[in-house]
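Topology and contacts: notes
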Amino acid sequence: MEERRKNPLYIPQGLKTRVEIFDGFGKEELFKTIMTTIIVGILDVLYYLISKNTVVSVVTILVAIAGSVMMLTRDRSNISVVDQVGFMIRFARSQKFYPYKYQDEWR
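Anyway, here's the lowdown on the structure attached to this text. (Residues numbered from 1 in each chain as written. Predicted model: local features only at pLDDT ≥ 70, side-chain atom pairs only at ≥ 80, totals over all residues. Heavy atoms only, no water.)

**Concerning the packing of helix H2 (residues 27-51) against helix H3 (residues 54-72)**
At their nearest, the axes of H2 and H3 sit 9 Å apart, and the two run at 160 degrees to each other. It follows from the interaxial angle that H2 and H3 lie roughly antiparallel. Pair H2 / H3 crosses with right-handed handedness. In this structure, H2 contributes Glu 29, Lys 32, Thr 33, Thr 36, Thr 37, Val 40, Gly 41, Asp 44, Tyr 47 and Tyr 48 to the contact, and H3 contributes Thr 54, Val 56, Ser 57, Val 58, Thr 60, Ile 61, Ala 64, Ile 65, Ser 68, Val 69 and Leu 72. (Axes fitted to C-alpha atoms, helices over the stretch in contact; angles between N-to-C directions. Helix = DSSP H or I, 4+ residues; strand = E, 2+ residues; numbered from the N terminus. Parallel < 35°, antiparallel > 145°, perpendicular 65-115°, else oblique. Left-handed = near helix turned anticlockwise from the far one by under 90°. Contact = heavy atoms within 4.5 Å.)

**Here we look at empty space enclosed by the protein**
Counted according to the given criterion, the structure contains one cavity of 30 Å³ or more. Lining the largest cavity, in full, are Glu 28, Glu 29, Lys 32, Leu 72, Arg 74, Ser 80, Val 82 and Asp 83. At the level of elements, H2 and helix H4 (81-94) are the ones that each hand at least two residues to the lining of the largest cavity. Its residues assigned to classes, the lining of the largest cavity shows two nonpolar, one polar and five charged. (1 Å grid on protein atoms, 1.4 Å probe; cavity = no way out; pocket = protein on both sides within 12 Å on 5 of 7 lines; lining within 4 Å. Points joined across faces, edges and corners; volume = space filled by probe spheres on them. Nonpolar A, V, L, I, M, F, W, Y, C, P; charged D, E, K, R; others polar.)

Below, the structure written as structure tokens:
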């Protein structure tokens, strides 16, 4: 008992269990960003072949990259915007609707 008082246990906070490129953005998020960029890039090339508008194509690809990085970066609670939207959709689907009809109990 006396030994525990002399050597208290130190538990560090904020340790990461995975390698991150920057705070909240790791390999998994990088892979999702690359996949989003490829898909939007293909659609952007098709749009460019139809419209021949370079400015819109460049802005679209830059917005896709920046938007996917912002939406996939996790905060201190380890939840990203995409995760939060998924939680909201799952919650909305799990809710059941039970219609009932009010009846007077005393009549």
